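Each chain is listed here by its residues.
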Amino acid sequence: MRVVVVGGGISGLSAAWRITEFAADTEVVVLEAADAVGGKLRVESVGGVPVDVGAEAMLTRRPEGVELAKDAGLGDALLEPLTTSAAVYAGGAAHPLPARTVLGVPGDVGALRSSGVLSHAAMSIVDSEPSHPPLEPLLDDVAVGPLVRSRLGDEVVERLVEPLLGGVYAGRADELSLQATMPALAAQLRIGGSLVRAAAVVSGGAGGGGPAFTSLAGGLGRLPIALAASGHFAVRTGITVRAIRRTPAGFALDCGPVPRPELVEADAVVVAVPPGKAARLLRDVAPAAGAELSTVDTASMAIVTLAYRGVTPPAGSGLLVGTREGYRVKAVTLSSQKWPIMPDGLTILRASVGRVGETADLQRDDGELIALARHELPALIGVDAEPVDALVTRWGGGLPQYAVGHLDKVVRIQEAVAAVPGLAVCGATYGGVGIPACIAAGRQAAQRILARARQ
């Protein structure tokens, strides 16, 4: 059987790896439109140091990422963070990020009070919430923001929930789904009661015996390169897939530029691209799935990576910025303090700009974005110096937005795709934006293809 995987991000590569792992005689070809595989995992040199300019950490609570790194021969390169102590800039000052929150929803009132991130008035609202009339059982999906505002007030949303959700999804709390972004909290609230107590139950069960995150020496972007170089499957970069059609024998993929078209045939196809492109590719072979995917919004963002000498940032792994603070930088990662990357005396940091609906700043050229970040960093982290190197990386439409009802939409998409023998989809749209979740989505797509092969 010949399988074509459209998209060389971590989801598509994981699907390709899984297929060849369980069906070594299957021919698998990955087609990637960019000039390199990896998608949102990419390493670039900044100040002569290899630095992740996309995703830079993966959860260890889910095993898929660590497992795949070991399978790809990178087990010895796995890193533990030097620190995970982060801060949030709110009310004109930086405060320690409170312990035991669920993406900003506080589960430990004492830790929240000690952080000083809320005003006295807002803290009083949180203190009294468990004694309020209990929430009715949440049986339907709701947006995170309105729920949290109704129980804990605006400040908790603006100073905690928005910065944390924005850091993960580049989205808005008032639009993001509770069930899709905080499934454990949503499950706990199906019995109703206090929001703070529900967050305490969920956050109290988190964690384990080791660090919550891991990365790779030399950058997490090494993982897709290692998978592609393994020889388990073929990879073709710079190949744009314009359409997918059914044929009596399987599928035909129209590839390449219109003046120089190329036809690629396959017995099975895995579509592992962002929702907008997936919608176009599925328009003919799975029109119901394509129609659903066309309604999934995405957020764009940019990462400004800077290298300095002779500066001393505040302690910790980084800083999130509250939404009412007036800054365009929404987060700062202190990479050389977070990871043991040995940058030869350099301080490496990343400033993130942009979230859903905010596109004006992303229209600036690289020099202007670097200047914007440099202008705001003195107030945020006290760094006011000339960098020795800088790099802007843009992620257009890189993060799918999980609106209310997203999980039901995913079910409808998967059902429509499953009705087409030999077709599967995977990516951040379907089961989570984190690397382990994307790997899991790729494995699930592979299982569909393998089941078809057995038939």
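Thresholds applied
- Residues numbered from 1 in each chain as written.
- Predicted model: local features only at pLDDT ≥ 70, side-chain atom pairs only at ≥ 80, totals over all residues.
- Heavy atoms only, no water.
- Helix = DSSP H or I, 4+ residues; strand = E, 2+ residues; numbered from the N terminus.
- Rg over C-alpha atoms; globule rule 2.2 N^0.38 Å.
- Buried < 20%, exposed > 50% of the residue type's maximum accessible area, 1.4 Å probe, protein only.
- Contact = heavy atoms within 4.5 Å.
- Areas by Shrake-Rupley, 256 points an atom, 1.4 Å probe, with all protein chains shown as cover.
- Lys, Arg positive; Asp, Glu negative; His and termini not counted.
- Charge placed at Lys NZ, Arg CZ, Asp CG, Glu CD.
- Salt bridge = Lys/Arg side-chain N within 4 Å of Asp/Glu carboxyl O.
- Axes fitted to C-alpha atoms, helices over the stretch in contact; angles between N-to-C directions.
- Parallel < 35°, antiparallel > 145°, perpendicular 65-115°, else oblique.
- Pairing = 2+ DSSP bridges.
- Phe/Tyr/Trp six-rings, centres within 6.5 Å; stacked < 30°, edge-to-face > 60°.
- Disulfide = S-S within 2.5 Å.
- Arc of directions from axis to C-beta.
- Polar contact = N/O pair within 3.5 Å; in protein donor to acceptor, adjacent residues only side chain to side chain.
- Expected span 1.5 Å × (residues − 1).
- Bend = angle between axes of the 7 residues up to and from the residue.

Broken down by element type, the chain carries 17 helices and 22 strands. At 22 Å, the chain has a C-alpha radius of gyration in line with the 23 Å of a compact globule built from 455 residues. Dimensions along the principal axes, computed over C-alpha positions, put the chain at roughly 70 × 55 × 45 Å. Taken across its 455 residues, the chain has 54% of its residues classed as buried. The contacts of the chain with a sequence gap of at least 6 include a subset with a gap of at least 24, amounting to 72%. Carbon and sulfur atoms provide 51% of the accessible area of the chain, an area that totals close to 18700 Å². For the chain, the distance from the average site of its 40 positive side-chain charges to the average site of its 45 negative ones is 3 Å.

Once that is clear, we can look at the pattern of salt bridges. On inspection of all chains with the given rule, the structure shows 23 salt bridges. In this structure, Arg172 engages Glu358 in a salt bridge whose closest nitrogen and oxygen atoms are separated by 2.5 Å. Taken together, the residues span a long stretch of sequence, with Arg172 in the loop between α6 (154-169) and α7 (178-181) and Glu358 in the loop between β20 (347-353) and α14 (366-381) at a distance of 186 residues. For Arg172, a relative accessible area of 24% corresponds to the partly exposed category. For Glu358, a relative accessible area of 33% corresponds to the partly exposed category. A salt bridge links Asp344 to Arg309; its shortest N-O distance comes to 4.0 Å. Here Asp344, found in the loop between α13 (335-338) and β20, pairs with Arg309, found in the loop between β17 (298-308) and β18 (318-321); they are 35 residues apart in sequence, far enough to count as distant.

The next point concerns the packing of helix α2 (residues 64-71) against helix α17 (residues 435-454). The geometry of α2 relative to α17 is characterised by a closest axis approach of 8 Å and an angle of 70° between their N-to-C directions. In terms of orientation, α2 lies roughly perpendicular with respect to α17. Facing Glu64, Gly65, Glu67 and Leu68 of α2, the residues of α17 in contact are Pro436, Ile439, Ala440 and Arg443.

So, on to the sheet that holds strand β11 (residues 213-216). Sheet architecture is open: three strands sit in the order β5-β11-β6, paired in antiparallel fashion. Looking at the sheet topology across the chains shown, the edges are occupied by β5 (58-59) and β6 (78-79). Pairing between β6 and β11: two bridges, direction antiparallel. Paired with Leu79 across the two strands is Ser215, which belongs to β11.

Attention shifts here to the packing of aromatic side chains. Evaluation of the coordinates by the stated rule reveals two aromatic pairs. For the pair Tyr89 and Tyr327, a centre-to-centre distance of 5.5 Å together with 85° between the ring planes defines the contact as edge-to-face. With Tyr89 in strand β7 (residues 86-90) and Tyr327 in the loop between β18 and β19 (329-333), this pair connects stretches of sequence that are 238 residues apart. Given the relative accessible area of 26%, Tyr327 is considered partly exposed. Note on Tyr169 and Tyr402: the rings are 5.5 Å apart at their centroids and 55° apart in plane angle, and the pair reads as tilted. Of this pair, Tyr169 sits in helix α6 while Tyr402 sits in the loop between β21 (389-400) and α15 (406-418), and the two are 233 residues apart along the sequence.

Our focus in this paragraph is the pairing of β17. Within β17, nine of the eleven residues are buried, leaving the element largely enclosed by the surrounding structure. Bridge analysis of β17 against β20 gives seven bridges, and the strand direction is antiparallel. Looking across to β20, one finds that Leu306 is bridged to Leu349.

So, on to the environment of Gly47. Here Gly47 shows up in the loop between β3 (43-46) and β4 (49-52). The spacing of Gly47 and Leu306 is 259 residues in sequence and 8.2 Å in space, taken between C-alpha atoms. Setting aside residues no more than four positions away along its own chain, Gly47 makes contact with Ala307, Leu346 and Asp389.

Turning our eyes to something else, we now look at the state of the cysteines. Across all of its chains, the model carries zero disulfides by this definition. Distance from the sulfur of Cys426, which forms no disulfide, to the nearest cysteine sulfur (Cys438) is 8.5 Å. With a relative accessible area of 0%, Cys426 lands in the buried category. Classification of Cys438 as buried rests on a relative accessible area of 7%.

The next point concerns helix α9 (residues 195-204). Every buried residue of α9 is accounted for by Leu195, Val196, Ala198, Ala199, Val202 and Ser203. The arc that holds every buried residue of α9, seen down its axis, measures 160°, which confines them to one face. If you follow the buried residues of α9, they end up packed against β9 (101-102), β10 (105-106), α3 (109-115), α4 (120-128), α5 (144-152) and α8 (183-188). The N-cap of α9, judged by a side-chain oxygen 3.3 Å from the amide nitrogen of Val196 a few residues on, is Ser194.

What follows deals with α14. Here α14 spans 22 Å end to end across 16 residues, near enough to the 22 Å set by a 1.5 Å rise per residue. Along its length, α14 shows its largest kink, about 25°, at His375, and proline Pro378 lies within four residues downstream of that point. When α14 is considered as a whole, its buried residues turn out to be Leu369, Ile370, Leu372, Ala373, Glu376, Leu377, Leu380 and Ile381. Where the residues of α14 are buried, they touch β7, β17, β18, β19, β20 and β21. Its side-chain oxygen 3.2 Å from the backbone nitrogen of Gly367, Asp365 forms the N-cap of α14. Within two residues after α14, Gly382 carries a phi angle of roughly 75°, on the positive side.

Looking now at the sheet that holds strand β14 (residues 250-255). Taken together, three strands build an open sheet; the order of strands is β13-β14-β15 and the sheet is antiparallel. Where the open sheet ends on each side, the last strands, each with one partner, are β13 (241-247) and β15 (262-266). Going from strand to strand, the sheet's axes swing by 25° on average, the running direction of each strand aside. Relative to β14, β13 runs antiparallel, the two sharing six bridges. Residue pairing in the sheet places Arg245 in a bridge with Ala252 of β14.

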